Amino acid sequence: MTRRSDDRRAAILQAMREVPVGVSGELLATGLGVSRVAVRKHVEALRELGYSIEARAGEGYRLTGVPDAPLPTEVRPRLRTDFVTRLEGGRVTGSTNDDARALALAGAPEGTVVLAARQTAGRGRLGREWASPPGGVYASIVLRPAVETPEAIVLPLVIGLGAARGLDALGVSALLKWPNDLLCEDGRKVAGVLLEGLSEGWLIEWIVAGVGVNVRCAPDPARDASVDELAGRTVPLAEAAAAMLDGIGDAYRRWQEEGFAPFAKEYAARSYLAGRQVRVSDAAGRVVAEGGVTGIDALGRLLVATVAGTVPVVAGEVTLREE
Ligand code: BT5
C-alpha cells in the first residue's frame, strides 16, 4: 500500500468518524480529489482490513465497526509524539524485525515502524522463539543513532525503559530484568525487546529495535503475563502499540540528547534483579558470573558481586539462584 493510499484511507475514516450518520461518496471524492470509483475501492480495502462500513443509497458510507488491530490507520491517530515517521504493516508477517531491517537497508529514515498483529517467525535473542499469536503487539523501529558503536551498548536498556514507560501509560507497572525482559512482580514476562543492527567500524548505519508485548495473550500462562490481566481491562491493540511507540520514542530521544545518566536511577528502581542471587551464562551455556546483583554501571553492564570480586557483565543469560 502506498503512503498516499494510506493517507486517503485515513481521511475517509476520519470523515466517517466526524459524520456518524453517513458521508456521501461524492463528498468524499471531492474532498480527496479522486473519483467515486476510487473512493469505493478505498472503502473495500478498509473492509478487508476489518472495518465494518455500511453503504446505503442516499445516506452514503457509515462506519459501524473498527477492528481491534494494530493497524497504522488506528495507531497513527493515537500517537502522542512525532517520533514515528512512517508506519507499515499491522497484520501478519514473519518477523517485523526482518521487515524493518529490509526497510533500513533500503534507506528508510529513523522512526520507520513495522507493526504486526501476529508473527509466524517471531524471534528473541540467540535464535530463540518469540511466541507471537493474535492478541499481542509486535513492532520494530528503525533507529539511526548519531553515536559511535561503544556508546550504543546501553541502547537495549534505554529501549527497555521506554517500553516500560509505554506499559505505565497502559496502567501496567513492569520491572526490568537485565538486559531486556519486562516482567510483572511475580516474574512472569509481559514483553521483550530485541535489538539488531549494522555498523561499519564505529559508525552505526542502523539499528532495529523490536518489541513484543502480550496484550490479550499469554502464550504460556505459567511463564507469561498479559497487559489485560495486569491492567484489569481490555486494552485495544492499537492503544497498546501507540503507547509502546511513544514510550520508546521518548526514551530514545532523551538518550540521544543526554546519554544514559538520566536513566540510571529509574533503571535501578525498576530492576527485577537488584539484590538477588543470580547465575549468568554466556551463549554457549558457560557460567560467567555467580553472586548477588548490586546494580548496573554507567555503561549498562550488570554488576555481580562474586566471591572473586565484582564482575561487570556485558552480555549473557541471567537466571535466579535458589537461595
Ligand atoms: C526477547 O528475547 O525477549 C525479545 C523478544 C522480541 C520480540 C519482538 S516482536 C517484534 C520483533 N520481531 C521479532 O521477530 N522479534 C521482535 P529473549 O530474551 O531471547 O526471550 C525469549 C524467551 O522468552 C523464549 O525463549 C521464551 O522462554 C520466552 N518467550 C517466548 N515468547 C514469549 C511471549 N510471547 N511472552 C513471554 N515470554 C515469551
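Since this is a predicted model, take the numbers as computed values, not measurements.

Draft legend 1. Just the overall build of the protein chain, in detail. What the protein chain contains, in helices and strands, is nine helices and 16 strands. Radius of gyration (C-alpha) of the protein chain: 22 Å, near the 20 Å computed for a compact globule of 323 residues. In the protein chain, once contacts between residues fewer than 6 apart in sequence are set aside, the share between residues at least 24 apart is 61%. Surface summary for the protein chain: the accessible area is close to 14,900 Å², and the carbon and sulfur share equals 52%. Seen as two clouds, the 38 positive and the 41 negative side-chain charges of the protein chain have centres 4 Å apart.

Draft legend 2. Structural view of helix α8 (residues 237-258). Taking 1.5 Å as the rise per residue, α8 with 22 residues should run 32 Å; its terminal C-alpha atoms sit 32 Å apart, in good agreement. Of the residues flanking the end of α8, it is glycine 259, one or two places downstream, whose phi is positive at about 75°.

Draft legend 3. Local environment of the site of the ligand. Within the structure, the ligand sits among 28 residues, and Ser95, Arg123, Arg125, Arg128 and Lys189 are positioned closest to it. At a separation of 3.2 Å, a nitrogen atom of the ligand approaches a polar side-chain atom of threonine 96. The contact in question runs from an oxygen atom of the ligand to an N or O atom on the side chain of arginine 223, over 3.5 Å. Burial of the ligand by the surrounding chains reaches 91%, relative to a free accessible area of 800 Å². Going through the elements one at a time, α5 (96-105), β7 (136-143), β10 (189-200) and β11 (203-214) are the ones with two or more residues in the shell around the ligand.

Draft legend 4. Structural detail: helix α2 (residues 25-32). All of the buried residues in α2 are Gly25, Leu28 and Ala29. An end-on view of α2 places all buried positions within 100° of arc, on one side of the element. Exposed side chains of α2 directed beyond 90 degrees from the buried face belong to Glu26, Leu27, Thr30 and Gly31. Once α2 finishes, glycine 33 follows within two positions and takes phi at roughly 70°, a positive value.

Draft legend 5. Quick peek at the nonpolar core. Ranked by size, the top nonpolar core spans 68 residues in total, and within it Val75, Leu143, Leu167, Leu182, Val227, Leu245 and Leu302 carry the most contacts. Filtering out sequence-adjacent residues up to four positions away, leucine 245 remains in contact with Val75, Leu79, Val84, Leu87, Val113, Leu115, Ala139 and Ile141. In this structure, Leu28, Leu49, Ile53 and Ala69 belong to the second largest nonpolar core, which totals 18 residues.

Draft legend 6. Quick peek at the packing of α8 against helix α9 (residues 261-270). The interhelical angle for the contact between α8 and α9, taken along N-to-C directions, is 130°, at an axis separation of 8 Å. The angle between the axes of α8 and α9 places the two elements in the oblique class. In this structure, α8 contributes Ala251, Arg254, Trp255 and Glu258 to the contact, and α9 contributes Ala261, Pro262 and Phe263. For the contact of α8 with α9, the per-class residue count stands at five nonpolar, no polar and two charged.

Draft legend 7. Seen up close, the side chain of threonine 93. Structurally, threonine 93 can be placed in strand β4 (residues 92-93). Of the residues examined, threonine 93 reaches a relative accessible area of 16% and is grouped as buried. Looking at threonine 93, its side chain comes within polar contact range of the side chain of aspartate 99, at 2.6 Å. Those residues in contact with threonine 93, other than ones at most four positions away along the chain, are Asp99, Ala116, Arg118, Gln119 and Thr120.

Draft legend 8. Quick peek at the packing of aromatic side chains. Under the definition given, this model contains three aromatic pairs. With a centroid separation of 6.0 Å and 45° between ring planes, the pair formed by tyrosine 252 and tryptophan 255 is classed as tilted. Residue tyrosine 252 and its partner tryptophan 255 are both found in helix α8; the two are separated by three residues, about one turn of the helix. In this pair, the class of tyrosine 252 matches that of tryptophan 255, namely buried. Each member of the aromatic cluster is reached from another via a ring pair, and the members are Phe83, Tyr252 and Trp255. The residue whose ring lies beneath arginine 276 is tyrosine 272, and the NZ or CZ to ring-centre distance is 4.3 Å.

Draft legend 9. Molecular detail of the pairing of strand β2 (residues 60-65). Examined bridge by bridge, strand β1 (residues 52-56) and β2 share five bridges and lie antiparallel to one another. Along β2, the bridge assignment pairs glutamate 54 with arginine 62.

Draft legend 10. Region of interest: the sheet that holds strand β13 (residues 287-296). Spatially, β15-β14-β13-β12-β16 is the arrangement adopted by the five strands of the open sheet, whose pairing is antiparallel. A single partner strand is all that each edge strand has here, and the edge strands are β15 (309-313) and β16 (317-320). Taking the axes of each pair of neighbouring strands and ignoring which way they run, one obtains an average angle of 45° across the sheet. Pairing analysis gives five bridges linking strand β14 (residues 302-306) to β15, with the strands arranged antiparallel. Looking across to β15, one finds that alanine 305 is bridged to threonine 310.

Thresholds applied
Residues numbered from 1 in each chain as written. Predicted model: local features only at pLDDT ≥ 70, side-chain atom pairs only at ≥ 80, totals over all residues. Heavy atoms only, no water. Helix = DSSP H or I, 4+ residues; strand = E, 2+ residues; numbered from the N terminus. Rg over C-alpha atoms; globule rule 2.2 N^0.38 Å. Contact = heavy atoms within 4.5 Å. Areas by Shrake-Rupley, 256 points an atom, 1.4 Å probe, with all protein chains shown as cover. Lys, Arg positive; Asp, Glu negative; His and termini not counted. Charge placed at Lys NZ, Arg CZ, Asp CG, Glu CD. Expected span 1.5 Å × (residues − 1). Near = heavy atom within 4 Å. Polar contact = N/O pair within 3.5 Å; in protein donor to acceptor, adjacent residues only side chain to side chain. Buried < 20%, exposed > 50% of the residue type's maximum accessible area, 1.4 Å probe, protein only. Arc of directions from axis to C-beta. Core = buried A, V, L, I, M, F, W, Y, C linked by side-chain atoms within 4.5 Å. Axes fitted to C-alpha atoms, helices over the stretch in contact; angles between N-to-C directions. Parallel < 35°, antiparallel > 145°, perpendicular 65-115°, else oblique. Nonpolar A, V, L, I, M, F, W, Y, C, P; charged D, E, K, R; others polar. Phe/Tyr/Trp six-rings, centres within 6.5 Å; stacked < 30°, edge-to-face > 60°. Lys NZ or Arg CZ within 6 Å of the ring centre and 35° of its normal. Pairing = 2+ DSSP bridges.

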